[in-house]
Amino acid sequence: MIRLGYTNCAACHVAPQGGGLLNDYGRGIDQAQSLRGGEYEPADDGLFRSISANGRIRQDLRFVMQQQTRWNGQAASTAMRGRVLYRAVAALSSNLRFAGTVTGENESAARPSLSYEPPATPSHVFVNTALLHYRAGNALEIAVGRDQLPAGINIPDLGVFIKSRNRLGYYDAPAQIKAVWAGDRFQVMPFVYGSAGNEIRGERERGAGSLAEFDVLGNHRTVLGATIQHSSAGNGDRRLTGGYARVGFGKWGILAEHDITNRFRGTTSQAFRQDASYAQVFWAARDWLVTSATGERLRVDAPFREHLTAGKVEIATRFTSHATLTLGTRVEHNAATGRIATSLAVQFALKTVD
Amino acid sequence: MGTLAHSVKVGSTLFSGALICFATQLRANTADSALIGVNQGTISFEVATNVPALRVHGKSSALTARARVDSGADGFVLEQIEAAVPVRSLETGLALRDDHMRKYIFTTAEGEIPDVRFSSERAECPKSGSARRATCSVTGALAIRGASRPFVMMLTITEENGSIRASGHGVVKLSTYGIDQPSQLGVRTTDEVKLKLELTARRSSPQGAIGSVAAR
């Protein structure tokens, strides 16, 4: 949305961190950016009033079907993953609300299983979000509960290195207290957190961090940000320092992030560094048709040495505010083994809009 | 000095017939006078909303402008300034928003969408610091929905390597034209709209009698 002059997510999403349910204005933009287009008219019939408790509960049901075929040079594998999400936000008072997201799925999508970073335990039914939000003013909101931690460019693909290698996967929803303080040209998101309860023994982290971003040119199209995070668990610590950028130029834009994670593992008594980079150039050929090209890089020092580079091309077509089809292909090169893995993914997402 | 001609190269044209720049007589030994036209200038606008995270930007690259320009040692004198932009060429990046903009801002009661026009009789732009740069305030009339209201624009003119570049900015108040601030699902724009324009004309053939006009 940076291409259209939105510096952050608060204009369209109920949660200022972004993701999840849209407010009325966001639904209008969602529909305007679809092939069908037209004006969004909020529902106001008897059925809507009864299931929404006279408008106090905002909710939707989202169904995502993804088929992914992957070749690694020796063998091919295909996965068909179906996921249903129920998302709801209940207004408890004028400045207090509860937000929840529950996911059910047929096949899990855990983070890579690494000896220095085992994934959180997946579950066929998972509570991604359960947050109590308190709006302390126009510029400040505080939330308590469980959710994914705030992240820089905040893209929905949790498989990219900057996410999957920094505990920002599907099943990472730590208990946390976070705040969003936003002004005309800045946004700061400090947070403290503890275990989500689904980590394996020795990996239950606690920590603190913050995002801080600034609209450097004051034109609402050039946002630069920084992330810091300090975490410790029984098996080791990690310190993340990152920088990110969201830049828009009308029809196209750039999203970029680079994170440096300095890790220490007690099992090896050794510190090592992980670098994860992400850069995406996107182009909205039409409001409803967005193509993107992405480059990624991951480098992990010894004793867990890895060097991966990846490229991805994707095209997303939003037919209506209810239905989106995404096609993408990704090529990943492992410099240590020389192997190249290719994948092709088709994703169809449906959601209810009241 | 004798007669000087200024010609300017053409990029592509949006209108049938490019604007023509004519050779003109010098009025004084130190001044060059030319009728300069531009047919693909850029105009952009920015308007804040009641949501801090959102400002609406729009742009058109179909700005046409013409003026008689006298350039001398002391600066520039602009006369008979006229500029226009077709409303349909203004885009905000979102088609529905463009529709709303045309409907709520630019459409007359009769359902017509006239071009946005600016005109000014004369402006003197003295050189400021640099020998190639002049800055001034241009007072004229800006017509929206066909209704003219007084408008003041700050203009900076730079002449370098045969190119004359003009950049200007000003603020329009919608209320001056009796236009309500647009509102959509709780998001409302402010009354003040910032305008910015960029024009470039290139002198490519100093001796040519007739040239066409370029804009970047």
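Residues numbered from 1 in each chain as written. Chains lettered and ligands numbered in written order. Predicted model: local features only at pLDDT ≥ 70, side-chain atom pairs only at ≥ 80, totals over all residues. Heavy atoms only, no water.

Q: Tell me what's going on with the pairing of strand E4 (residues 125-135) of chain A, and back it up with residues and numbers.
A: Residues and elements named next belong to chain A. The pairing of strand E3 (residues 96-105) with E4 spans nine bridges and is antiparallel. Its bridge partner lying in E4, Gly104 is registered against Val125. For E4 and strand E5 (residues 140-146), the ladder comprises six bridges, and the chain directions are antiparallel. Bridge pairing links Tyr134 to Ile142 in E5. (Pairing = 2+ DSSP bridges. Helix = DSSP H or I, 4+ residues; strand = E, 2+ residues; numbered from the N terminus.)

Q: Account for the interface of chain A and chain B, naming residues and giving values.
A: Contact with chain A, which involves 24 residues of that partner, is made by 17 residues of chain B. Summing the contributions of chain A and of chain B, the shared interface buries around 1,800 Å²; its carbon and sulfur component is 56%. Of all residues in chain A, Leu4, Tyr25 and Glu39 of chain A bury the most surface against chain B, accounting for 30% of the area lost on that side. Taken together, chain A and chain B are joined by one salt bridge. Arg55 of chain B is the partner of Asp184 of chain A in a salt bridge, and the nearest nitrogen-oxygen pair spans 2.8 Å. Our enumeration of links across chain A and chain B arrives at eight residue pairs in polar contact (both at pLDDT 80 or more). A class-by-class count of the residues in the side of chain A that touches chain B yields eight nonpolar, ten polar and six charged. (Contact = heavy atoms within 4.5 Å. Buried area = accessible area lost by both parts, 1.4 Å probe. Salt bridge = Lys/Arg side-chain N within 4 Å of Asp/Glu carboxyl O. Polar contact = N/O pair within 3.5 Å; in protein donor to acceptor, adjacent residues only side chain to side chain. Nonpolar A, V, L, I, M, F, W, Y, C, P; charged D, E, K, R; others polar.)

Q: Break down the pattern of salt bridges for me, with residues and values.
A: Residue and element names in this part refer to chain A. All told, the structure shown has 31 salt bridges over all chains when counted by the stated rule. Glu141 serves as the salt-bridge partner of Arg135, at 2.6 Å between the closest nitrogen and oxygen. Salt bridges linked by common partners bring Glu117, Arg167, Glu203, Glu205, Arg238, Arg263 and Arg265 together as one network.

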